[in-house]
Amino acid sequence: MKIAVIGGAGYIGSHTVRELLDRGHTVKVFDNLSSGLRQNLFAEAEFVEGDILSEKAISDFLNDFSPEGVVHLAAFKAAGESMLLPEKYSVNNITGSLNILNAAVSAGVKYFVFSSSAATYGAPKYMPVDENHPTEPENYYGYTKLSIEGFLGWYSKLKNLRFAALRYFNAAGYDVNGRITGLEKNPANLIPVVMEALTGKRKELLVFGDDYDTHDGTGVRDYIHVNDLARGHAEAFEYLERENKDLIVNLGVSQGTSVLDIIRAAEKASGKKVPYRIVERRPGDPASLVANPNKAFELLGWKAKYSDIDTIIETTWRAYQANL
Ligand code: UD1
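None of the values given here were measured: they were computed from a predicted structure.

Calculation criteria
Residues numbered from 1 in each chain as written. Predicted model: local features only at pLDDT ≥ 70, side-chain atom pairs only at ≥ 80, totals over all residues. Heavy atoms only, no water. Axes fitted to C-alpha atoms, helices over the stretch in contact; angles between N-to-C directions. Helix = DSSP H or I, 4+ residues; strand = E, 2+ residues; numbered from the N terminus. Parallel < 35°, antiparallel > 145°, perpendicular 65-115°, else oblique. Left-handed = near helix turned anticlockwise from the far one by under 90°. Contact = heavy atoms within 4.5 Å. Nonpolar A, V, L, I, M, F, W, Y, C, P; charged D, E, K, R; others polar. Expected span 1.5 Å × (residues − 1). Buried < 20%, exposed > 50% of the residue type's maximum accessible area, 1.4 Å probe, protein only. Salt bridge = Lys/Arg side-chain N within 4 Å of Asp/Glu carboxyl O. Near = heavy atom within 4 Å. Polar contact = N/O pair within 3.5 Å; in protein donor to acceptor, adjacent residues only side chain to side chain. Areas by Shrake-Rupley, 256 points an atom, 1.4 Å probe, with all protein chains shown as cover. Patch = residues over 30% accessible without salt bridge, like charges linked within 9 Å, V, L, I, M, F, W, Y side chains within 5 Å.

*Asks:* Explanation requested: the packing of helix α4 (residues 86-106) against helix α5 (residues 140-159) in the structure shown.
*Replies:* To describe two helices that pack against each other, one gives the angle between their axes and the distance between the axes. Relative to each other, α4 and α5 sit at 20°, their axes nearing to 10 Å. In terms of axis orientation, α4 runs roughly parallel to α5. Of the two possible hands of crossing, α4 and α5 adopt the one that is right-handed. Only Tyr 140, Tyr 141, Thr 144, Ser 147, Ile 148, Phe 151, Leu 152, Tyr 155 and Lys 159 of α5 make contact with α4, whose side of the interface consists of Pro 86, Tyr 89, Ser 90, Asn 93, Ile 94, Ser 97, Leu 98, Leu 101, Asn 102 and Val 105. Along the lines of polarity and charge, the residues of the contact of α4 with α5 split into 12 nonpolar, six polar and one charged.

Put into structure tokens, the structure is as follows:
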């Protein structure tokens, strides 16, 4: 299939491009390099530098390429920042997505795979969280993702565009074959921060609370290896083509890992101590957030291969070492 990957120079985007290429798809990447990196591009996938806020740029790109499929991962994703700067998230995540959707339908795109988030659920009312869980986002970032799922539902009905919204849990790790090593600029997520504390780029890791109702008091999340996540995108296209039905699905592995579990795994992989300090809880953080991934198993045949915590941490450590 011809597939356009919007945001394909980013962290998850580049792993998705690699997976699609490995499966024999013809891929082109569109990215404004605001957080994406040239280092994450592949010679086999043509790259067009452009911004989703330019209706002309995105529609020229899709008209020139005329792909059957689009993956859209071009978004801001810092939940805390979205509460302070909602306008920034409205413009990029919502207006930008509508530009892509309009350009996609006019270019005759049939299948749309959207990078959604567990942030669409908000505070978990039960665990593990399945796709029937109420969607009450607690941050504006999560709301932008949920609203785009809504637009996709309408475009499916009105324009016959089939979509898959993939609700990612905590994406982590680096390509197991070491083909992608571009590091995120100014990371705020736990694992990159742990890596920066290990390499000395940061003085220490601040652990946001150790008095949660979890196995060791620190926050528990469902970390999914980015190669497994990338495979989910490829399998979503197969599903859309095979079933001609829309899909909203969790991508997580139902394995709860705490902040201290991550620190221990990082110490094992690196042979060094992680300098850290326990501080106050971060506002808006749930104690635990773990997926029920059964729907992905059942409908896509998707299974995690690399999402054990040691593989996640070892591959990340290797990517950080490659940049030293
Ligand atoms: C966050 C966002 C989520 C977004 C995801 C991807 C919130 C509430 N959620 O998920 O919407 O989709 O990132 O970017 O912001 N932690 C520390 N110290 C740190 C960083 C994190 O202790 O410096 C802890 C957190 O309290 C949490 C765990 O590590 O328990 C994971 O945090 P993080 O990597 O930021 O991801 P989420 O908050 O789960």
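*Asks:* Before we go on, may I ask you to explain helix α10 (residues 309-322) in this structure?
*Replies:* Each turn of an α-helix holds 3.6 residues, which means side chains three or four residues apart point in the same direction. Compared with an ideal rise of 1.5 Å per residue, which puts 14 residues at 20 Å, α10 spans 20 Å between its outermost C-alpha atoms and is within 8% of the ideal. For α10, the complete set of buried residues consists of Ile 309, Thr 311, Ile 312, Ile 313, Thr 315, Thr 316, Trp 317, Ala 319 and Tyr 320. Buried-residue contacts for α10 involve β7 (170-172), α6 (190-199), β9 (220-225), β11 (256-258) and α8 (259-270).

*Asks:* I keep staring at the pattern of salt bridges and nothing clicks. Help me out?
*Replies:* Side chains that differ in charge, positive against negative, can pair when their charged atoms come close. Using the criterion set out here, one finds 29 salt bridges in the structure. Of the charged contacts, one joins Arg 18 and Glu 44 as a salt bridge, the two residues approaching to 3.1 Å between their closest N and O atoms. Of this pair, Arg 18 sits in helix α1 (residues 11-22) while Glu 44 sits in the loop between β2 (26-31) and β3 (46-49); the two residues are 26 residues apart in sequence, bridging distant segments of the chain. Overall, the relative accessible area of 11% leaves Arg 18 in the buried class. Overall, the relative accessible area of 51% leaves Glu 44 in the exposed class. Note that Arg 242 and Glu 243 form a salt bridge whose closest N and O atoms lie 3.4 Å from each other. Sharing partners across several salt bridges, the network here consists of Glu 19, Arg 23, Asp 228, Arg 231, Glu 235 and Glu 238.

*Asks:* What is the right way to read the site of the ligand from this model?
*Replies:* In the vicinity of the ligand, 20 residues are found, and the nearest of them are Leu 190, Leu 206, Arg 221, Arg 282 and Asp 285. Within the side chain of Ser 117, one N or O atom sits 3.3 Å away from an oxygen atom of the ligand. With respect to the ligand, the side chain of Arg 221 contributes an N or O atom lying 2.6 Å from an oxygen atom. Protein chains bury 87% of the 750 Å² of accessible surface belonging to the ligand in isolation.

*Asks:* What is the right way to read a nonpolar patch on the surface from this model?
*Replies:* Nonpolar side chains collect at one region of the surface, where Met 83, Leu 84 and Leu 85 lie side by side and expose about 320 Å² of accessible area between them. One can find Leu 85 in the loop between α3 (79-84) and α4. When its relative accessible area of 38% is taken as the criterion, Leu 85 is described as partly exposed.

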